[in-house]
Amino acid sequence: VASQLLGKTDVKGSCCHPAVAAMLLLLFLGFIPTVAPCPPHCLCASDIISCSGSNLSTLPFGLPSYTTRLDLSHNALRALQVDWVSQPFQRLTTLVLSWNSISQIEMASFTATPRLLHLDLSSNQLRVLNSSVFRGLTELKELLLIGNQIAQIMPGAFSDVNSLQRLYLSANRLTSFPLGLFEDPGGPHNLTFLDLSYNRLSKVPVQSLLSVSRHAGIYLQENPLLCDCALIALLEYWLWKQYRPLVDFQVGYQCRGTAVREVNCTHQDLSGIPLEAQSYRVEPGDWLRVPCPGLGLPVQQGLIVFWVTPRTALNSSASDPSSRLSVFPNGTLEIQGALMEDSGIYECVVARGRYYDSGESPEARVMVGNSSVSSTTGLARRSSGEHFNTAFTTLASCVISIILVLLYLYLTPCQCRESRGGGSRGCGARAIILCSDPREVESGQRRANGKRVAFLEPQAEDSDINVPKTPVMTLDHISTEGILKNGSRTVGHTLTDPAQEVYFVFDNFVVSW
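What counts and what doesn't
- Residues numbered from 1 in each chain as written.
- Predicted model: local features only at pLDDT ≥ 70, side-chain atom pairs only at ≥ 80, totals over all residues.
- Heavy atoms only, no water.
- Helix = DSSP H or I, 4+ residues; strand = E, 2+ residues; numbered from the N terminus.
- Contact = heavy atoms within 4.5 Å.
- Disulfide = S-S within 2.5 Å.
- Buried < 20%, exposed > 50% of the residue type's maximum accessible area, 1.4 Å probe, protein only.
- Pairing = 2+ DSSP bridges.
- Axes fitted to C-alpha atoms, helices over the stretch in contact; angles between N-to-C directions.
- Polar contact = N/O pair within 3.5 Å; in protein donor to acceptor, adjacent residues only side chain to side chain.
- Core = buried A, V, L, I, M, F, W, Y, C linked by side-chain atoms within 4.5 Å.
- Domains from an automatic or database assignment.
- Phe/Tyr/Trp six-rings, centres within 6.5 Å; stacked < 30°, edge-to-face > 60°.
- Lys NZ or Arg CZ within 6 Å of the ring centre and 35° of its normal.

As annotated in an unreviewed UniProt entry, the chain carries the name Ig-like domain-containing protein and is attributed to Poecilia formosa.

So, in structure tokens, the structure goes:
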């Protein structure tokens, strides 16, 4: 058939051309690569394969191994077993499995796709995330589990996804906050985005969220959260910090407005107590007590006061006596045996029943010894900014000074002055004399204190150019002493005429004074 298509048959059509036979042999032995055809019911475009909406219950056979994006959404897949993928996909980075009926994922189901960066399992029927369910996805950065029925996350479910940055668990049936995401040793420590909206959370670990929310966005809107004093303190603090997950979805929180006013957490009016940032300095090894800014005394019994430190978060109801940092029941923070790394900004978080006014701050800046505040704090940012401004100003001044000096030296060249004999004096190809104003030469005037520099081209001794040489020195009247030092030699002369010029010759240039 190939010979007929290529027109390589002989007259009788009984034997193939040798070139065609060789090509067929190489093709049979696998030396000539073949392009995998697009599977039925799929659309193929370069390295993108879409088999969406094909009512598939298993993965199509013969998918190209060079696929980087595979869309299997809107199908009838029910389970992901270990062998659900018949071949490895070393280049696959995006896998879409949304809108199927997947209710079970076996351990090591994704070992054939180790390069996955984005995995979408939304709108399936998952109820439990078992331990090590995502084993092998060490490079995964985004995982979508929206719209499942997940009610339980087993310990170690995300133990192998160390690179995970964005996790979507919205619209599930979670009743407890998955704190193991941040506390498990093998968890995704690079997580910066966690969506837990539209679940069944009634309480959240406020102290842990105060610490976690400094580097991760936690979305909790549309949950039946219990409006207690701890949650009110958290939401007020997030509003003061302009925390985007709360600011963008304020209407999704039931604990707001009249619900907050109905909970009296302090039994005292804190609206008249100003919130001003305080600064404290302590020597290394000393003890320091920092009162909570804006918190009046006495404090209601049972009131929980949180402190956000540069490294963690503390509260007055569960202080560790063995820790160097602790919070008293009245909200005072105590630092025992201060260390240099204790320097930083400390924020007192307590339910005040009101929003922070402009300019108010519950911060306390602590300086240990002569150290500056840590780079993670606002004080350090301000200090480093001042140092940068000083260095930039100094550098700019130096550059401007150099430019001015160069402009002074390289001004408009002087015109050649005629000597008394009619020839040009010290001009031509031998010298380029610079001055500050060409009109000065035309008018024949010379300034008493003017400074001129002439760069001379070397002239051969046998040159036949009949040009008078520039005088080395002019010593008509002596009144002022001029000293020139060159190495170990010193030449001194005294000039009587202040307007007289003295020329010093150094190899290829002359300096006049």
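1. Looking at the side chain of Ser361
Here Ser361 shows up in the loop between strand S20 (344-349) and strand S21 (363-368). If we ignore the near neighbours within four places in the chain, the residues touching Ser361 are Trp240, Leu275, Glu276, Ala277 and Pro293.

2. Overview of the state of the cysteines
For the structure on display, the rule yields four disulfides. A sulfur-sulfur separation of 2.0 Å characterises the disulfide bridge that pairs Cys38 with Cys44. On the S-S bond that ties Cys38 to Cys44, the torsion sits near 85 degrees, and the link is right-handed. What makes Cys38 partly exposed here is its relative accessible area of 35%.

3. Re the sheet that holds strand S19 (residues 333-335)
With antiparallel pairing, three strands are arranged side by side in an open sheet as S15-S19-S18. Looking at which strands have only one partner, the edges of the open sheet turn out to be strand S15 (288-290) and strand S18 (325-327). Averaged over neighbouring strand pairs, the angle between their axes works out to 20 degrees when direction is ignored. Relative to S19, S15 runs antiparallel, the two being bridged by three bridges. When the bridges of S19 are listed, Val290 appears paired with Leu333.

4. A look at the environment of Lys241
If you trace the backbone, Lys241 turns up in the loop between helix H5 (229-240) and helix H6 (244-247). Judged by its relative accessible area of 43%, Lys241 is partly exposed. Through-space distance from the C-alpha of Lys241 to that of Ser361 is 9.9 Å; in sequence the pair is 120 residues apart. Of the polar contacts made by the side chain of Lys241, one reaches the side chain of Glu347; its length is 3.3 Å.

5. Considerations on the nonpolar core
Leu119, Phe134 and Leu220 are the most contacted members of the largest nonpolar core, which has 96 residues in total. Residues from two domains meet in this core; each of domain 1 (37-201) and domain 2 (278-368) gives at least three. Beyond its immediate sequence surroundings of up to four residues, Phe134 is in contact with Phe110, Leu119, Leu121, Leu129, Leu143, Leu145, Ala157, Phe158, Asp160 and Val161.

6. Topic: the packing of aromatic side chains
In this description, a pair of aromatic rings is defined by centroid distance and the angle of the planes. Going through the model one piece at a time under the given rule, you end up with seven aromatic pairs. On the basis of an interplanar angle of 40 degrees and a centroid distance of 6.1 Å, the ring pair of Tyr237 and Trp240 is categorised as tilted. Of this pair, Tyr237 and Trp240 both sit in helix H5, three residues apart, which is roughly one turn of that helix. Looking at Tyr237, the relative accessible area reads 3%, which means it is buried. Taking 4.5 Å as the distance between ring centres and 35 degrees as the angle between the ring planes, the aromatic pair formed by Trp238 and Tyr243 counts as tilted. Since its relative accessible area comes to 11%, Tyr243 is described here as buried. Ring-pair connections join several aromatic residues into one group, and the members of that group are Tyr168, Phe193, Tyr219 and Phe249. Between the NZ or CZ atom of Arg166 and the centre of the ring of Phe193, over which it lies, the distance is 4.0 Å.

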